[in-house]
Amino acid sequence: MQNFHSDSLNSSKILSREAYKQIDKEIQKYPVDQKKSAVIATLIIAQQEKGFITPEIEKEVAQYLEMPPIAVHEIATFYNMFDAKPKAKYKIVMCTNLPCALRNAKHAMTILSDKLGIKAGETTSDGLFSLNEGECFGACADAPVMLINNHQMHSWLNEKNIDGIIRDLTLSNKIKTSKEKN
Ligand code: FES
C-alpha cells in the first residue's frame, strides 16, 4: 500500500499520527495529484479527534493536502457539520428544508427547543445539547429528521419519540459520567 507522510510526522503536528494514518487511507482513494479531493474526509477525521476545526488545523490540513489554506477554510465554513468552536456533547441539527417543513419540522423544532430550554444556535448551560437548523440530509422520505453529532439520524420525529431520544441521551451521559468517576 502506498504510504504518504504520516510515518515521518514530527510531534509539532496538531493532529495525531493515528489521525494521519486515517487521512493517508482517504488520500489513497484518489489519483496521486488529487490529494485535495480528500479534504472533507480529512476535516471529518480532524473534527472527530479534536472536536472542532481551528484555523491552525485548517492550515495543517492545507499543508498536508497541498492546497491553499483559504480553500480549506471555505470548505470548513461552508458545511454545517464542521464546527469552528467547541460544541455541546450532543449536537442536534434539525432539517428544516421544504419536505421536512411540510411534515412539521418547525413543530418538532419547537418541541426540542421547549424541552431543552434553548433556541436554534444555542447550547444548554450544562454543555450537553446544542440545537441548530440544517439543510436536507437526503432522507426526505423519513421527514421530519434530525442528526445527532453528524452521524446518528432520527426519523419521523414527533413529541413522543423526541422525548425518548432526549431522555436516552441524558441518561446515557449520566451513566458514562458516573463510570468515569469510579
Ligand atoms: S428536506 Fe429534510 S431530509 Fe430532505
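Residues numbered from 1 in each chain as written. Predicted model: local features only at pLDDT ≥ 70, side-chain atom pairs only at ≥ 80, totals over all residues. Heavy atoms only, no water.

Here's the deal with the overall build of the chain
Thinking step 1. What the chain contains, in helices and strands, is 7 helices and 5 strands.
Thinking step 2. Listing every helix and strand of the chain by position from the N terminus yields α-α-α-α-β-α-α-β-β-β-β-α.
Thinking step 3. Referenced to the eigenvectors of the C-alpha coordinate spread, the extents of the chain come out at roughly 50 × 45 × 30 Å.
Thinking step 4. Considering only contacts in the chain between residues 6 or more positions apart, those separated by 24 or more positions represent 59%.
Thinking step 5. Summed over its atoms, the accessible surface of the chain is roughly 10,600 Å², and 54% of this surface lies on carbon and sulfur atoms.
Thinking step 6. Of the charged side chains in the chain, 23 are positive and 22 negative, and the gap between their average positions amounts to 4 Å. (Helix = DSSP H or I, 4+ residues; strand = E, 2+ residues; numbered from the N terminus. Contact = heavy atoms within 4.5 Å. Areas by Shrake-Rupley, 256 points an atom, 1.4 Å probe, with all protein chains shown as cover. Lys, Arg positive; Asp, Glu negative; His and termini not counted. Charge placed at Lys NZ, Arg CZ, Asp CG, Glu CD.)

Some details on helix α2 (residues 39–50)
Thinking step 1. In this model, α2 (12 residues) spans 16 Å end to end at C-alpha, consistent with the 16 Å of a helix rising 1.5 Å per residue.
Thinking step 2. Buried within α2 are the following residues: V39, T42, L43, I45, A46 and Q47.
Thinking step 3. Next to the buried residues of α2 lie α1 (17–27), α3 (55–65), α4 (69–78) and β1 (90–95).
Thinking step 4. Two residues or fewer after α2 comes G51, characterised by a positive phi angle close to 95°. (Expected span 1.5 Å × (residues − 1). Buried < 20%, exposed > 50% of the residue type's maximum accessible area, 1.4 Å probe, protein only.)

Comments concerning the environment of L169
Thinking step 1. Here L169 lies in helix α7 (residues 159–181).
Thinking step 2. L169 gets classed as buried once you look at its relative accessible area, which sits at 9%.
Thinking step 3. Spatially, the C-alpha atom of L169 lies 16 Å from that of G117, the residues being 52 residues apart in sequence.
Thinking step 4. With near-sequence residues (within four places) excluded, L169 lies in contact with Y90, F129 and I148.

Brief notes about the pairing of strand β3 (residues 129–134)
Thinking step 1. Relative to β3, β1 is paired through 6 bridges, and the arrangement is parallel. Bridging from a neighbouring strand, C95 pairs with G134 of β3.
Thinking step 2. Count of turn residues in the strand β2 (residues 122–123)/β3 antiparallel hairpin: 5 residues, of which G127 carries a positive phi of about 75°. (Pairing = 2+ DSSP bridges.)

Comments concerning the domain arrangement of the chain
Thinking step 1. The domain boundaries assigned to the chain delineate domain 1 (6–78) and domain 2 (90–181).
Thinking step 2. Each of domain 1 and domain 2 was reduced to a C-alpha centroid, and the two centroids are 29 Å apart. (Domains from an automatic or database assignment.)

Considerations on the confidence of the model for the chain
Thinking step 1. In this model, the chain carries an average pLDDT of 91, and 94% of its residues clear a pLDDT of 70 or more.
Thinking step 2. By mean pLDDT, the top-scoring element of the chain is α3 (97), and the lowest-scoring one is α7 (90). (pLDDT = per-residue confidence, 0-100.)

Examining the environment of K35
Thinking step 1. Mapping K35 onto the fold places it in the loop between α1 and α2.
Thinking step 2. Separated by 31 residues in sequence, K35 and E66 have C-alpha atoms that sit 7.3 Å apart.

Some words on the packing of helix α6 (residues 105–116) against α7
How two helices pack is summed up by the angle between their axes together with the distance between the axes.
Thinking step 1. At a closest axis distance of 10 Å, the pairing of α6 and α7 adopts a crossing angle of 40°. Taken as axis vectors, α6 and α7 run oblique relative to one another. Handedness of the α6/α7 crossing: right-handed. On the side of α6, the interface is formed by A108, I111, L112, K115 and L116, while α7 contributes E159, I162, D163 and I166.
Thinking step 2. Of the residues in the contact of α6 with α7, the class split is 6 nonpolar, no polar and 3 charged. (Axes fitted to C-alpha atoms, helices over the stretch in contact; angles between N-to-C directions. Parallel < 35°, antiparallel > 145°, perpendicular 65-115°, else oblique. Left-handed = near helix turned anticlockwise from the far one by under 90°. Nonpolar A, V, L, I, M, F, W, Y, C, P; charged D, E, K, R; others polar.)

Here we look at the sheet that holds β2
Thinking step 1. Read from one edge of the open sheet, 5 strands run β2-β3-β1-β4-β5, paired in mixed fashion. Every other strand in the sheet has two partners, leaving β2 and β5 (152–154) as the edge strands with one partner each.

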